[in-house]
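Coordinate inspection notes
Each chain is listed here by its residues.
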Amino acid sequence: MESVVSTWWEPQDTDIDQKSPSQRQVMGVTQSLIFLLSFQLLQLIKGSTVWLNENGYEDLVVAINPQVPEDANIILNTMNMIKNASNYLFEMTKHRFFFKSVKIIIPKTWKKNTNYSRIKTESYDQADVIIADYYMKHVDDPYTLLYEGCKMKGRYIHFTPNFLLNENLTNVYGEKGRVFVHEWTHFRWGVFDEYSRDMPFYVSEKAAIEATSCPAGVTGIPVFQDCRGDICKPRSCRYDGQLYEKGCVFIPDIRQNISCSIMYMQYARPVVEFCDQNTHNSEAPNMQNKICNHKSTWEVIMESDDFRNSTALNTSAPSSETTFRLLQAQERVICLVLDISGSMRMHNRMENLHTAAETYLLHVIETGSWVAIVTFDSDATERAHLQQITDNGTRQKLVQFLPTIPSGLTNICAGIHKGLKVIANKMNTTYGSEIVLLTDGEDPGIAACFNLVKQSGAKIHTIALGPQADKKLEQLSELTGGLKLCAPDGVVPSKLIEVFSAITSGNGDTSEQSIQLESKELVVQHSAWMNTTVPVDKTVGNDTFFSIAWNLSQPFFFLRDPKGKEYGSSDFTIDSSNPYTARLRINGIAEEGDWQFYIKNVHTATQGISVTATSRPACYDVPPVIAAVHVNRANTAFNPVVVYAEVSQGFWPVLGATVTATIEKDDATAVTLELLDNGAGADMMKSDGIYSRYFTSLQGTGRYSLKVKSHGRNATTSLSLKRNQASYNSGYRENGKIYMTAPRPEFADEEIQVQLGSFSRISTGSFVMSTGDPAPIYPPCKVTDLHARIENRTIVLSWTAPGGDFDNGKADHYIIKTSKNLLDLRNNFDHATSVNCSNLIPKEAGREESFEIQPENKTENGTKIYFAICAVDDTNLISEVSNIAQTTWFLPPKAFVPLNHQGSTNGANTAVIVAVATLCAAVVCTIINSTLYVFSKKKGRLEIEKMQRHV
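Residues numbered from 1 in each chain as written. Predicted model: local features only at pLDDT ≥ 70, side-chain atom pairs only at ≥ 80, totals over all residues. Heavy atoms only, no water.

Under the definition given, this model contains five disulfides. Disulfide pairing places Cys-150 opposite Cys-292 at an S-S distance of 2.1 Å. Because the torsion about its S-S bond is 105°, the bridge between Cys-150 and Cys-292 counts as right-handed. With Cys-150 in the loop between strand E10 (143-145) and strand E11 (156-159) and Cys-292 in the loop between helix H6 (287-291) and helix H7 (297-302), the pair connects residues that are 142 residues apart, well separated along the chain. With relative accessibility at 12%, the residue Cys-150 sits in the buried group. The exposure class assigned to Cys-292 is buried, which follows from its relative accessible area of 3%. Note on cysteine connectivity: Cys-237 is disulfide-linked to Cys-248, with sulfurs 2.0 Å apart. The sign of the S-S torsion, about 95°, decides the handedness of the disulfide formed by Cys-237 and Cys-248: right-handed. (Disulfide = S-S within 2.5 Å. Helix = DSSP H or I, 4+ residues; strand = E, 2+ residues; numbered from the N terminus. Buried < 20%, exposed > 50% of the residue type's maximum accessible area, 1.4 Å probe, protein only.)

The peptide bond linking Cys-214 to Pro-215 adopts the cis configuration, its omega dihedral lying at 10°. Residue placement: Pro-215 occurs in the loop between strand E13 (209-211) and strand E14 (220-228). Following Cys-260, the chain continues to Ser-261 via a peptide bond in cis, the omega torsion being 20°. As for its position among the elements, Ser-261 is in the loop between strand E17 (255-256) and H6. Even without being glycine, Ser-527 reaches a positive phi, approximately 70°. Relative to the elements of secondary structure, Ser-527 occurs in the loop between strand E25 (515-524) and strand E26 (529-536). By relative accessible area, Ser-527 is classed as partly exposed at 35%. For Asn-735, which is not glycine, the phi dihedral falls at a positive 55°. Note that Asn-735 resides in the loop between strand E40 (731-734) and strand E41 (737-740).

Sheet topology note: the E40/E41 ladder contains four bridges and is antiparallel. Note that in E41 the partner of Gly-731 across the bridge is Met-740. Counting the residues that bridge the hairpin from E40 to E41 gives two residues, and of these Asn-735 lies at a positive phi of roughly 55°. (Pairing = 2+ DSSP bridges.)

Moving on: the nonpolar core. Judged by nonpolar contacts, the single largest core of 73 residues is most densely connected at Leu-60, Ile-64, Ile-82, Phe-99, Ile-104, Phe-180 and Trp-184. Ranked by residues supplied to this core, first place goes to helix H2 (residues 72-92) with eight residues. Once residues lying within four places of it in the same chain are set aside, the contact partners of Ile-104 are Val-62, Ile-64, Ile-75, Thr-78, Met-79, Phe-324, Arg-325, Leu-326 and Leu-327. Core analysis: the second largest hydrophobic core is formed by 55 residues, Ala-132, Leu-327, Ala-329 and Tyr-704 among them. (Core = buried A, V, L, I, M, F, W, Y, C linked by side-chain atoms within 4.5 Å. Contact = heavy atoms within 4.5 Å.)

Moving on to the pattern of salt bridges. Counted under the stated rule, the structure contains 31 salt bridges. We note a salt bridge from Arg-235 to Glu-245, for which the minimum N-O separation is 2.8 Å. Of this pair, Arg-235 sits in strand E15 (residues 231-236) while Glu-245 sits in the loop between E15 and strand E16 (248-252); the two residues are 10 residues apart in sequence, bridging distant segments of the chain. The closest approach of N and O atoms between Glu-498 and Lys-707, which form a salt bridge, is 3.4 Å. Remark: Lys-707 occurs in strand E39 (residues 702-718) and Glu-498 occurs in helix H14 (residues 494-501); sequence separation between them is 209 residues. A single network of salt bridges, built from pairs that share partners, joins Asp-226, Arg-228, Arg-235, Arg-238 and Glu-245. (Salt bridge = Lys/Arg side-chain N within 4 Å of Asp/Glu carboxyl O.)

Attention shifts here to the packing of helix H9 (residues 349-364) against H14. Contact geometry of H9 with H14 gives a least axis separation of 9 Å together with a crossing angle of 40°. For the crossing formed where H9 meets H14, the hand is right-handed. Contacts between H9 and H14 involve Asn-352, Leu-353, Thr-355, Ala-356, Ala-357, Thr-359, Tyr-360 and Val-364 from the former and Leu-496, Ile-497, Phe-500 and Ser-501 from the latter. Across the contact of H9 with H14, the residue classes tally to eight nonpolar, four polar and no charged. (Axes fitted to C-alpha atoms, helices over the stretch in contact; angles between N-to-C directions. Left-handed = near helix turned anticlockwise from the far one by under 90°. Nonpolar A, V, L, I, M, F, W, Y, C, P; charged D, E, K, R; others polar.)

What follows deals with helix H10 (residues 392-399). Among the residues of H10, those classed as buried are Thr-394, Arg-395, Leu-398 and Val-399. Angular distribution of buried residues about the axis of H10 spans 140°; they occupy a single face of the element. Looking at the buried positions of H10, the neighbouring elements they touch are H9, strand E20 (370-376), strand E21 (380-388) and strand E32 (607-617). Among the residues of H10, the N-terminal cap falls to Asp-391, whose side-chain oxygen and the backbone nitrogen of Gly-393 are separated by 3.1 Å. (Arc of directions from axis to C-beta. Polar contact = N/O pair within 3.5 Å; in protein donor to acceptor, adjacent residues only side chain to side chain.)

All we've got here are geometric facts, nothing functional implied.
Following this line, the structure appears as structure tokens:
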């Protein structure tokens with residue numbers, strides 16, 4: 001790369017891990033088994049519809065949150081941002097990628113406009129970019145939500161309306177088009193930030209303090225913003241012998257000799273490249289190095305499908321300008337298309353369907369929605385025409401049309417045809433509508449309606465009930481972006497209720513959505529009790545329903561609210577058309593606290609009993625706690641299934657929750673996993689509100705249903721800053737003078753952590769394993785949080801214990817290696833120096849490990865030492881090499897003077913420099929005086945001797 005000297009901004013302007021032969025052999029045998037497996041993962045949250053068409057990205061979806069006040073400038077500025085981003089992206093990817101077409105979803109709460117088209121299958125919850133407030137003033141950091149590791153696509157990019165409207169923010173984030181490219185790189189290619197807020201400085205291999213940057217060699221000065229009220233003054237950072245004090249920031253020089261990287265400082269104007277293999281700073285303690293195994297951003301991009309499926313264009317600009325379509329959301333239009341074929345007589349399916357659909361109509365579907373009901377067996381019948389839900393009476397009327405008697409064969413296409421026709425008859429179009437298709441049977445002719453479904457502009461949400469539902473059913477959802485769900489058979493309807501409850505509006509307005517608080521079922525012995533606590537937290541309580549279901553006869557039960565008021569069976573409603581379910585609606589806002597269910601089985605035999613509870617947000621302007629489920633295959637050689645649950649209040653992560661996933665298959669025992677937010681195993685980042693775990697207990701082919709319960713006792717919402725976000729420009733230095741921007745907003749302690757009390761949430765998902773070995777063998781998972789530190793002349797390594805099968809069970813032993821060269825350790829782990837850890841016995845997965853190492857006596861101060869670790873299970877399967885931990889040997893702490901990259905003393909260390917200079921001056925003076933004194937004494941003796949000789 002040519003050296004470039006340029007002004008960064010104008011002040012006035014607003015690797016594949018290399019394995020040993022033994023490791024490769026073990027992994028090869030295992031992979032030959034693993035790759036026999038074919039998974040179809042049913043992702044519940046979203047899947048991007050963006051596709052690459054002749055180097056241009058098509059169908060990028062941007063959605064504006066319904067609670068954002070109407071402002072046409074939001075649309076205009078978004079369009080300008082993406083247009084500019086298209087040119088920047090083209091330049092920064094060496095004339096390879098640009099944005100060709102974009103759809104912007106306008107909320108239904110905004111005024112109608114003839115320029116707005118009707119949405120089809122696009123929706124807010126499946127958008128690539130969302131525009132919404134944080135539910136916290138003065139927070140405008142653009143960021144990308146990432147669940148998974150390196151090279152894995154993100155969930156969405158988030159901008160606030162103020163970021164798009166406030167031109168002053170250009171001073172701290174840079175031009176909006178540059179910010180968009182920074183976030184798009186996170187989102188599309190799964191790369192991570194090259195700066196670090198946690199470790200803005202580090203000690204390099206040259207034993208000098210460097211800014212955490214990419215590339216290395218960025219010149220500047222460390223500065224601390226000393227703020228008293230609204231007045232801030234920069235001062236020199238204090239130096240503790242190794243690094244600078246917490247809160248010290250790096251202020252770069254305005255002129256630099258570099259042209260990268262957009263993932264380090266997107267606000268720097270001459271930055272026109274990503275860090276590549278030649279410019280990448282592999283030492284920097286940033287997330288890119290940690291998660292992407294010290295590979296550069298450009299290396300990761302070059303390994304993407306986008307790069308492999310494209311070639312650089314021989315043009316100076318994108319071949320076409322970005323085009324935009326404005327779409328507006330409408331009222332929800334949904335048709336229930338329900339199977340009533342003869343097989344629905346089995347396993348209480350018809351009874352459970354009636355109860356679950358009744359619950360959906362009474363408690364889940366949003367007021368204002370249009371709903372119709374169609375049933376099908378050999379043919380299809382319209383049971384309830386499309387009508388708008390305006391009150392409880394409309395809901396009760398729809399319930400009367402639910403089916404009760406099954407008969408005939410299964411004709412899925414007939415049901416879909418009829419459902420689309422019912423919608424079109426009322427709305428004159430099927431664009432933007434939804435169909436909830438439930439079936440338990442097979443239809444050899446199901447593929448005949450695939451093309452119709454694809455052209456309809458409607459979403460198809462599929463529910464596979466029982467093990468015999470058609471194997472091609474999920475393809476209907478895949479063609480339209482609908483949910484893909486399944487429910488095993490059960491004696492009570494709770495599992496099917498959970499599935500129906502997941503089908504909420506995707507318009508982004510959580511204030512009107514139903515939230516499932518509890519779903520529990522037990523087989524209860526005669527005269528035994530089933531007691532259940534349902535916490536109602538302060539973010540919900542409106543339109544709260546409790547229900548009990550049984551399969552034989554009504555149990556004795558009562559419900560007690562947090563203040564002690566009791567509701568007996570006479571307070572519940574039991575419908576004559578559904579005598580196995582009792583419901584209670586709480587008027588107004590339900591009392592905050594624990595609601596206690598007490599249920600006794602008075603039937604003469606054992607029976608199944610279930611409890612469910614739903615509610616809606618208590619306030620329009622206070623977001624509720626929600627839990628979203630996602631399932632995917634890990635980006636590892638063994639491709640295990642990973643379960644994710646994101647627990648949040650608005651856009652803020654909820655920490656300290658207990659999250660458990662129950663995974664069930666019709667012909668197998670249910671498996672329960674505790675999902676963790678500990679930054680180890682399957683969990684990429686600690687304390688980000690995303691709870692994760694590997695699922696390794698596969699039990700053959702078929703559909704797997706997933707239920708996640710998120711529960712909190714005295715939980716807190718952490719208003720911590722998001723990861724993977726645009727860097728904040730704290731200031732710059734020009735001609736030796738420092739210019740600081742406004743400091744990042746700070747919050748009071750009570751704003752940073754909000755007490756939620758107790759809460760409970762139920763969320764549902766599914767996945768399918770199509771073919772393959774029912775019981776693959778897995779190695780221990782990769783250690784991702786290895787850390788090294790110096791304590792009392794000893795190096796202490798710490799990490800979270802992996803399991804024997806990824807993050808389950810216990811490993812057999814560890815292999816620890818060390819080197820003084822980072823890349824040698826990464827690329828040649830087997831040949832690095834071994835650390836004797838034979839006395840280290842691995843703990844159970846998830847527990848904290850610690851190991852002490854005595855360094856060699858000849859280790860010099862300032863020596864950089866690197867460590868990595870592998871775990872081995874009892875069958876000798878070896879994990880991937882861990883992240884590389886580094887530490888600098890200081891014994892005692894070495895008070896050296898760090899230098900900047902131009903070789904001049906760093907101005908932020910004036911106190912240290914003066915002290916050292918004074919000490920040096922004193923030493924020099926002492927040496928000179930001593931020399932003169934000795935010289936004078938010697939000269940005096942010589943003079944005396946000379947005089948004596950003359951005498």
